[in-house]
Amino acid sequence: MTSSPTPRMDVMRSQLSRARGLGSAKTGVDHWWAERVSAIALVPLSGWFVLQVVRLAGAEHATVAAWGGKPANSAMLLALMVLTFHHMQLGLQVVIDDYVHGKAHLPASLLMKGAALLIGLFAVVAVLKLALARPDGA
Amino acid sequence: MQDVRDALYIGHRSDGTLTRRPMSPHLQVYRFRLSMFLSIANRAAGVAAALGAGLGVCWLNAAAKGPDSFRKVQKVTRHPLGRAALAGWTLALVYHVVAGLRHLAWDAGYRFEKKQINRDGPVAVGVTLGATLVLLATILGVAACRSSKRAS
């Protein structure tokens with residue numbers, strides 16, 4: 001009498017998934033990867049911003065407005081704002097994923113993303129307003 | 001039984017009676033390690049930096065609005081409490097950058113041995129505190145120079 005063969009699995013994938021012919025969605029590392037890339041970009045941008053803050057420490061409005069009117073500064077500020085709020089949103093998403101469970105998870109994530117988007121847009125508009133303001137302050 | 005997860009906690013004593021099995025250890029049973037504080041501090045610093053960025057946007061908006069709004073913001077940034085908040089924001093940002101650079105190194109496969117991580121922890125604390133103090137002193141120094149120049 002031969003014993004029936006024991007079922008075995010050679011791959012770390014469920015038999016159902018093999019039967020369906022589905023693999024991974026191939027997007028599993030997008031969030032992680034975007035977090036690293038934005039972090040790397042933010043290192044030099046933040047360094048530049050720190051230098052500017054040191055240069056502008058205690059300055060009056062006219063000096064700051066003149067600084068914000070220069071195209072190079074506007075471009076750097078815009079890049080800094082977009083990447084900061086993108087990176088912030090990615091990071092806070094992980095915090096929410098870890099600590100907010102159940103029904104509250106979706107509204108919490110959407111609220112956070114909406115707030116990050118709005119504050120980021122607000123920052124972009126402020127930078128553009130500084131960039132496009134007339135030198136006489138009007 | 002209120003929660004289906006309780007079913008996983010049912011066990012038998014050696015005499016066959018039912019018992020509630022112990023849960024996995026909670027945070028307080030572990031001995032304090034610097035690396036575990038630095039790990040959660042990085043997350044906290046990220047959240048604090050995010051809150052500070054909101055304040056930074058207020059500053060930018062005031063500069064865009066005009067001299068009157070800018071003076072109002074300056075009242076906040078020159079107040080001791082405002083100064084304390086700025087110092088806290090700087091500390092959070094500097095630490096988040098330091099810890100972020102360590103994470104990038106770990107992701108690339110460097111300094112990821114337990115020994116190295118334990119050795120690098122105090123260095124990260126020192127670099128953070130040093131850089132924060134130098135940065136704050138420089139900013140306050142430049143601001144003081146500027147106001148004394150204006151006064152004379």
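Residues numbered from 1 in each chain as written. Chains lettered and ligands numbered in written order. Predicted model: local features only at pLDDT ≥ 70, side-chain atom pairs only at ≥ 80, totals over all residues. Heavy atoms only, no water.

### Description of the overall build of chain A
Thinking step 1. Each helix and strand counted, chain A has five helices and zero strands in total.
Thinking step 2. Counting from the amino terminus, chain A carries its helices and strands in the arrangement α-α-α-α-α.
Thinking step 3. Put simply, chain A has 138 residues, and 28% of those count as buried.
Thinking step 4. Carbon and sulfur atoms make up 70% of the accessible area of chain A, which totals about 9300 Å². (Helix = DSSP H or I, 4+ residues; strand = E, 2+ residues; numbered from the N terminus. Buried < 20%, exposed > 50% of the residue type's maximum accessible area, 1.4 Å probe, protein only. Areas by Shrake-Rupley, 256 points an atom, 1.4 Å probe, with all protein chains shown as cover.)

### Quick word on helix α3 (residues 80-107) of chain B
Residues and elements named next belong to chain B.
Thinking step 1. Taking 1.5 Å per residue as the helical rise, α3 with its 28 residues ought to reach 40 Å, and the 40 Å between its terminal C-alpha atoms agrees with that figure.
Thinking step 2. Looking only at α3, the buried set comprises G82, T90, A92, V94, Y95, V98, A99, R102 and W106.
Thinking step 3. On its buried face, α3 is in contact with α1 (34-65), α2 (67-78) and α4 (114-151).
Thinking step 4. Trailing α3 by a residue or two, G109 shows a phi angle of about 95 degrees, which is positive. (Expected span 1.5 Å × (residues − 1). Contact = heavy atoms within 4.5 Å.)

### Side note on unusual backbone geometry
Residue and element names in this part refer to chain B.
Thinking step 1. Look at R111: it is not a glycine, yet its phi comes out positive at around 55 degrees.
Thinking step 2. On the secondary structure map, R111 appears in the loop between α3 and α4.
Thinking step 3. Note on R111: relative accessible area 34%, which makes it partly exposed.

### Digging into the environment of A:I96
Residues and elements named next belong to chain A.
Thinking step 1. Counting through the fold element by element, I96 comes out in helix α4 (residues 71-99).
Thinking step 2. I96 gets classed as buried once you look at its relative accessible area, which sits at 13%.
Thinking step 3. Along the sequence, I96 and A108 sit twelve residues apart, while their C-alpha atoms lie 7.2 Å from each other.
Thinking step 4. In this structure I96 touches H105, A108, S109 and M112, once residues within four positions along its chain are discounted.

### Details of the interface of chain A and chain B
Thinking step 1. Residue-level contacts link 33 residues of chain A with 29 residues of chain B.
Thinking step 2. Between chain A and chain B the total buried area reaches about 2700 Å² when both faces are included, carbon and sulfur atoms providing 72% of it.
Thinking step 3. Taken together, chain A and chain B are joined by three salt bridges.
Thinking step 4. Residue B:D107 pairs with A:R36 through a salt bridge whose shortest N-O separation is 2.6 Å.
Thinking step 5. In this structure, the connection of chain A to chain B is made through eleven residue pairs in polar contact (both at pLDDT 80 or more). (Buried area = accessible area lost by both parts, 1.4 Å probe. Salt bridge = Lys/Arg side-chain N within 4 Å of Asp/Glu carboxyl O. Polar contact = N/O pair within 3.5 Å; in protein donor to acceptor, adjacent residues only side chain to side chain.)

### Section: a positive patch on the surface
Thinking step 1. A cluster of like positive charges, contributed by A:K129, B:K65, B:K72 and B:K75, occupies part of the molecular surface.
Thinking step 2. Positionally, B:K65 belongs in helix α1.
Thinking step 3. Residue classification places B:K65 among the exposed residues on the basis of a relative accessible area of 57%. (Patch = residues over 30% accessible without salt bridge, like charges linked within 9 Å, V, L, I, M, F, W, Y side chains within 5 Å. Lys, Arg positive; Asp, Glu negative; His and termini not counted. Charge placed at Lys NZ, Arg CZ, Asp CG, Glu CD.)

### Observations regarding the UniProt feature "transmembrane region" (unreviewed entry) in chain B
Thinking step 1. Mapped onto the present numbering, the UniProt feature "transmembrane region" (unreviewed entry) falls at residues 40-63, 84-104 and 124-145 of chain B.
Thinking step 2. Across residues 84-104 of chain B one finds 100% helix and 0% strand; the C-alpha atoms that close the span lie 30 Å apart. (UniProt positions renumbered as here; feature names shortened; annotations may be inferred.)

### Notes on the environment of A:G47
All names here are of chain A.
Thinking step 1. Summarising the element assignment, G47 is placed in helix α2 (residues 30-56).
Thinking step 2. What makes G47 partly exposed here is its relative accessible area of 34%.
Thinking step 3. Along the backbone, G47 and A115 are 68 residues apart, and their C-alpha atoms lie at a distance of 26 Å.

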